[in-house]
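The residues making up each chain are set out below.
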Amino acid sequence: MGRIFISAAHGGIEAGKNDPGAIAGGTTEAKEMILLRDLVVTELRSRNLEVLAVPDDLSAAQTIAWINSRANAKDVALEIQANAASSPSVRGASSFYIAKNDQRKQNAETVLMGLLRRVPQLPNRGVKPDTDSGLGNLQFCRQTKIGALLLQVGFLSSPEDRALLQSRRRDFAIGIAEGLATWSQVNDPQQATAETNYPNINININGQNYSEQGLLINGNAYIPIDLVDRLRIDPAKSANFGRITYRQIVYIKAVELRDSHVSIDWDSATKTVKLRSILAVCPGQIEQIISNGNTSELQLQLFLKNNNETAITQFPDLPKLYREEATIEGINHDIAFCQMCLETGFLHFGTDIKPQQNNFAALGGVGGGAEGASFPSARIGVRAHIQHLKAYASLEPLVQQEVDPRFRFVTRGVAPSVHQLSGRWSADLDYGIKITAILRRLYESANLL
């Protein structure tokens, strides 16, 4: 059995200042996670397990480097976090794993269920691939060289979750320790301990079998670098690609290609990693706001329903409205729809904007009121959203009568790409990344990516 690395999220120095994480109820995420982490360490050591606690003053990148410099194949790593939401009613625990790794998914279920068995009052939000996170990937899961998971133990912004954590912290710790102990016991590093024994896997790209084989390492598919070049992806532009050299050939972790619009799937029966490039189906830059969308009304409906079962009941025509209004103004309806999903939390809302305002993109009013703009119908609300996107992305005049209250305030054409909305539409500098992360999920659900 190997060692267990455990990290309490936040607390280190990010962008030159201390990072407290979420703040709510007179406490911080960093403080609560450090207290919980210390109890988990105590519980694990009482079971005679070897535990290494990551120092609390490290940044996120330094945390990963600290673990990687000390870990071996038998070890596992967990980072604990508290989530936060704009609505205090959002609750529950979840566990994230690196996407397309069935082995890590099982490990995530083990750790999450360990916690929930001890604290059954905590809602179960399930295990999720890291592609479902806000930025579309989690570096702790991706870049840590050993098996790594991220456990969100609840929402600090929820008074119920916060009270549970603070009043039953030891139960939280015991549950997490039990899950970690089980994971550590079943961890099988055999294939990673001997370089010559990496098993080969088959590769299929856009429906065609590839002549060269890849590798399966720690449950992750790796593909040869020459295939990456054939996909017209420059690996030199991404320092985050997981690379190894094996028998004089460089391999890249396949799931990293997802950020270059390549979907990754795994067929366990044939031991085949399946790659699909959306550029083969939808040519051009998918981040360009002035472009054609690729999804049907039904595909948008199913995607929305999968993320919020009641959304279509409340706004049954929204997918149709986005396709129609975007087409009229030459806007990519996929981008606009995914921006709506981000701004409204897949129509859960929970912010200052209320559903009855028909404001699907957090558009401000002319007077700058806290409540934001309101529109008489869902169609007019969608039209205002589309017009605001056109203001940013194009110099062309509007086709329809202007309904966007802030259209005239935008410097026309300054953001043709969704990434250029970052810091403009929203102060969040990762705003464009978050929209494209949802866009990839949409295309995956529609089998376009």
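Cut-offs used in this document
- Residues numbered from 1 in each chain as written.
- Predicted model: local features only at pLDDT ≥ 70, side-chain atom pairs only at ≥ 80, totals over all residues.
- Heavy atoms only, no water.
- Axes fitted to C-alpha atoms, helices over the stretch in contact; angles between N-to-C directions.
- Helix = DSSP H or I, 4+ residues; strand = E, 2+ residues; numbered from the N terminus.
- Parallel < 35°, antiparallel > 145°, perpendicular 65-115°, else oblique.
- Left-handed = near helix turned anticlockwise from the far one by under 90°.
- Contact = heavy atoms within 4.5 Å.
- Nonpolar A, V, L, I, M, F, W, Y, C, P; charged D, E, K, R; others polar.
- Disulfide = S-S within 2.5 Å.
- Buried < 20%, exposed > 50% of the residue type's maximum accessible area, 1.4 Å probe, protein only.
- Expected span 1.5 Å × (residues − 1).
- Arc of directions from axis to C-beta.
- Phe/Tyr/Trp six-rings, centres within 6.5 Å; stacked < 30°, edge-to-face > 60°.

Q: Just give me the short version of the packing of helix α11 (residues 318-329) against helix α12 (residues 333-344), but keep the residues and values in it.
A: Running from amino to carboxyl end, α11 crosses α12 at an angle of 135°, the nearest separation of the two axes being 9 Å. Between α11 and α12, the angle is such that the two are oblique. As for how α11 packs across α12, the hand of that crossing is right-handed. When α11 is examined against α12, the residues L318, P319, Y322, R323 and A326 are found in contact with a partner set consisting of H333, A336, F337 and M340. For the contact of α11 with α12, the per-class residue count stands at seven nonpolar, one polar and one charged.

Q: Residues and numbers for the packing of helix α3 (residues 102-118) against helix α6 (residues 169-186), please.
A: The contact between α3 and α6 brings their axes to 7 Å, and the two run at 150°. One finds that α3 runs roughly antiparallel with respect to α6. Between α3 and α6 the crossing geometry is right-handed. Between α3 and α6, the contacting residues are R104, N107, T110, V111, G114, L115 and R118 on the first element and D171, F172, I174, G175, I176, E178, G179, L180, T182, W183 and V186 on the second. Split into classes, the residues belonging to the contact of α3 with α6 amount to eight nonpolar, six polar and four charged.

Q: Now, about the state of the cysteines: what can you tell me, with residues and values included?
A: Overall, the coordinates contain zero disulfides when judged by the stated rule. Considering cysteine sulfurs only, C341 is the nearest to C338, which forms no disulfide, with 5.7 Å between them. On the accessibility criterion, C338 (0% relative accessible area) is buried.

Q: Which residues make up α11, and what are the values?
A: If you check α11, its first and last C-alpha atoms are 17 Å apart, about what 12 residues at 1.5 Å a residue would give, namely 16 Å. Considered for burial, the residues of α11 that qualify are L318, P319, L321, Y322, E325, A326 and E329. Taken around the axis of α11, the buried residues stretch over an arc of 160°, which confines them to a single face. Tucked inside the fold, the buried residues of α11 contact α9 (297-307), α10 (311-314), α12 and α13 (378-393). Residue G330 follows α11 closely and has a positive phi angle near 80°.

Q: Tell me about the packing of aromatic side chains, residues and numbers included.
A: Scanning the entire structure with this criterion turns up eight aromatic pairs. Ring geometry for Y392 versus W425: centroids 5.8 Å apart, planes at 35°, classification tilted. Remark: W425 occurs in the loop between α13 and α14 (431-445) and Y392 occurs in helix α13; sequence separation between them is 33 residues. We note that Y392, like W425, is buried.

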